[in-house]
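Here's the letter readout for the chains.
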Amino acid sequence: MQGSNAGLSLAHGKGHERRREPVRPSARRLSTLLFFRPRLVLLILLAPPLLWLGGIYLGSLFALLLQSFFSLDDYTGQVVRSFTLRTYGELLSAANLDIVFRTATMAASVTVAAALVAFPIAYYMARHASGGTKALLYLGVMLPLWSSYLVRLYAWKMILAKEGILNWFVVELHLGWLLDAVLATPVVGGPSLSTSYLGMFIVFLYMWLPYMILPIQAALERVPPSLLEASGDLGGRPRHTFRHVTLPLALPGVVAGSIFTFSLTLGDYIIPGIIGQSSFFIGQAVLSHQGTAGNIPLAAAFSVVPMLIMAVYLTLARRMGAFHAL
Amino acid sequence: MSGPVSVAVQFMAVSRHFEVVRAVDGVSFEIFDGEFFSMLGPSGSGKTTCLRLIAGFDRPTAGRILLHSVDSAGIPPYDRDVNTVFQDYALFPHMTVGDNVGYGLMIRRVPRRERRRRILEMLGLVKLADLIDRRPAQLSGGQRQRVALARALINRPRVLLLDEPLGALDLKLREQMQVELKALQKQVGITFVYVTHDQEEALNMSDRVAVFNQGRLEQIGTPAEIYEHPASPFVADFVGICNVLSADAAEAITGSRGAVLIRPEKIALREPDAVVLEDECSADGRIRDVVYLGATSRYVVELARGGQLTVLRQNMDDAHKTAAAGLGQAVRLLWKRRHAQPLVAGT
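What you are looking at is a predicted structure, and each value in this text was computed from that prediction instead of being measured. (Residues numbered from 1 in each chain as written. Chains lettered and ligands numbered in written order. Predicted model: local features only at pLDDT ≥ 70, side-chain atom pairs only at ≥ 80, totals over all residues.)

A. Representation of the confidence of the model for chain A in the model. Scored by pLDDT, chain A has a mean of 87; 92% of the residues are at 70 or more. Predicted confidence is poor over residues 1-9 of chain A, with pLDDT under 50, and the contacts of this stretch with residues over four places away or in other chains come to 5 contacts. (pLDDT = per-residue confidence, 0-100. Contact = placed C-beta atoms within 7 Å.)

B. Focus on the packing of helix α3 (residues 38-68) of chain A against helix α15 (residues 296-319) of chain A. Residue and element names in this part refer to chain A. At a closest axis distance of 7 Å, the pairing of α3 and α15 adopts a crossing angle of 120 degrees. When the interaxial angle is binned, α3 and α15 end up oblique. In this structure, α3 crosses over α15, and the sense of that crossing is left-handed. When α3 is examined against α15, the residues Leu64, Leu65, Gln67 and Ser68 are found in contact with a partner set consisting of Ile296, Pro297, Ala300, Ala301, Ser303 and Val304. Of the residues belonging to the contact of α3 with α15, the class tally is 7 nonpolar, 3 polar and no charged. (Axes fitted to C-alpha atoms, helices over the stretch in contact; angles between N-to-C directions. Helix = DSSP H or I, 4+ residues; strand = E, 2+ residues; numbered from the N terminus. Parallel < 35°, antiparallel > 145°, perpendicular 65-115°, else oblique. Left-handed = near helix turned anticlockwise from the far one by under 90°. Nonpolar A, V, L, I, M, F, W, Y, C, P; charged D, E, K, R; others polar.)

C. Region of the structure containing the interface of chain A and chain B. At the junction of the two partners, chain A supplies 16 residues and chain B supplies 18 residues. Every element with two or more residues in the side of chain A that touches chain B is listed here: α11 (225-233) and α12 (238-267) of chain A. In terms of residue count, the dominant contributor to the side of chain A that touches chain B is α11(A) (6 residues). Taken together, the residues of the side of chain A that touches chain B break down into 7 nonpolar, 6 polar and 3 charged.

D. Up close: the nonpolar core. Among the nonpolar cores identified, the biggest contains 146 residues, and Ile216(A), Ile54(B), Leu161(B) and Val193(B) are the most heavily contacted of them. Examining the composition of this core, we find that 16 residues originate from one element, helix α10 (residues 197-221) of chain A, more than from any other. When residues of this core are assigned to domains, at least three map to each of domain 1 (7-238) and domain 2 (265-336) of chain B. Apart from residues no more than four positions distant in its own chain, Val193(B) is found in contact with Val9(B), Ile31(B), Phe37(B), Met39(B), Leu51(B), Ile54(B), Val159(B) and Leu161(B). (Core = buried A, V, L, I, M, F, W, Y, C linked by C-beta atoms within 7 Å. Buried ≥ 20, exposed ≤ 12 C-beta atoms within 10 Å, placed from the backbone. Domains from an automatic or database assignment.)

E. Summary view of helix α5 (residues 141-153) of chain B. All names here are of chain B. Between its terminal C-alpha atoms α5 stretches 18 Å, which fits the 18 Å expected from 13 residues at 1.5 Å a residue. With 10 of 13 residues buried, α5 lies mostly within the body of the structure. Looking at the buried residues of α5, the elements they touch are β6 (82-85), α2 (97-101), α3 (103-107), α4 (112-125), β7 (159-163) and α6 (171-188). (Expected span 1.5 Å × (residues − 1).)

F. The arrangement of the sheet that holds strand β12 (residues 260-262) of chain B in detail. Residues and elements named next belong to chain B. Pairing is antiparallel in the open sheet, where 3 strands are placed in the order β11-β12-β18. This sheet does not close on itself; its edge strands, each paired only once, are β11 (243-245) and β18 (341-342). Direction of pairing for β11 relative to β12: antiparallel, over a ladder of 3 bridges. Each bridged residue has a counterpart across the sheet, and for Leu245 the counterpart in β12 is Val260. (Pairing = 2+ DSSP bridges.)

G. Summary view of the sheet that holds strand β8 (residues 191-196) of chain B. All names here are of chain B. Pairing within the open sheet is mixed, and its 6 strands lie in the order β6-β7-β8-β3-β9-β10. Where the open sheet ends on each side, the last strands, each with one partner, are β6 and β10 (216-221). In this sheet, neighbouring strand axes are inclined to one another by 20 degrees on average, regardless of whether the strands run parallel or antiparallel. Alignment of β7 against β8, held across 5 bridges, turns out to be parallel. Each bridged residue has a counterpart across the sheet, and for Asp163 the counterpart in β8 is Val195. On the sheet, α5 packs against β6 and β7 and is oriented at approximately 175 degrees with respect to β6.

See below:
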């Protein structure tokens, strides 16, 4: 009977049922070699991406850094390849510092706002949604990323414009005066939402929100429910549990998300161009300096600024214990 | 000790249903102040659910639970004078051992100096004082377990709940912890409610044991009562090995009516011509199987009349050397008549 045969064949290898393909001895030797040398396997797997990272990415970063120590001869318009700190001196001029400050402030506000908006969403996704709802939420968070950045950007421009749907909606609710008052705020306001810092802020927030939601959600999901129960058992009310257990354990996720929002905002040059006014952001400065002006050193110097800001930010975060839970 | 003992926890017809599943089904019992009370049963028997109901992580579908004569309905876990030692210890990974242990005190805003003193005192009690600044990830399983214990006890709860706390430890460590827990309970004097599926553990440590099966309470009593006088076939079988002689066999051998239960250590293994005393019953048979267990040996004897009995025997002399040779040997089994317990069918 088939059944008893199958039982017997366990002892003799699959002799009865199907013919085994003959394994080439060289392949067998190779797989045995790899089995006993896991480090070799690791090396083989890591070599291509490490070459990419080392060679192309780090190499180009290094080349950029190098450029920032050169300078541009104003008279000839050529790059002088000798070590000098003059370019960095140029960077520290009032106008350029203004650009840096403007960009950093926008990045910081977007980061804070994104963390505040993303946290409840991520919390719900991690702790309360299940099955179909969760899948739907994942889809909702990721769906915008499937479409082109420019499409989303121009969609928002249309939404925020004076002739756009947001304005129409506000006027319908007879709150037009409120919108005008907001737009009249110095600095952040402007002629319309689609040409003001406020509008830029809204668009930045929208663009980077998925990158903030997902790391926080991942961090929250890793918190075992028994930890929350333990906190309650020891006398912690829900707000204590949140402050002492949930938040510290979610903090690495928030920091991970903030790296995205911070650095993406620091380097962006499209949104400020479309939604902004004439004042430059770092990204636009880099673009303009390396373009027609040919001032590669200054462009490189500008590019170094976001890297420095991120390095300082991460050091501060680490010192404040954001990575304790890792 | 004299005087009436107060009731720490009282279950009154408590049920907990999850849709169709009856995790706990109409359970009523009392836990007395200061006793070591175990809830014993297989997986899914409802014992852990009962523990969670006492802690307040779950609410009963029906019935009431009184904690020191106060109805616990509507009282959240953080307002109950009850603390739990979780099965996975649930230590906060981002805090040191000291901060973990002092968590309850920190929540209650106990001043730092006082907190430190009590943390050191508690860690001294569980012999981990020098690990106060370590992280849970750097501790072994046994050490984590003791931190969890200290963290719960520092709040001086009136009832301590332990959810299979020794499950993850190896045998030697488990036995050592059993002794330590028992001593700790006596020393601290509070009520311990202990959940386990290991019947040896329950018999070893408890003042009283409650045996659960499929959401129902099968029997409650002292370890001796549970073992010597099981109230149902389930309890007889779950706690220790049990020999059940069917009604016919029992009638033929012992002359009693109805099925009987005999514990394997109560049966003596003798030569086929051994003398049967007045108060003894006997059955003849052959040894079918021998299992050497170190201190004891377990024999399965096939009875001449049909059926079999398991006999547990101390390896007093070099019996184990001749054990294997004993296979197939004809023997006479003897036991005291009073040790053959009538089996109460079903509960």
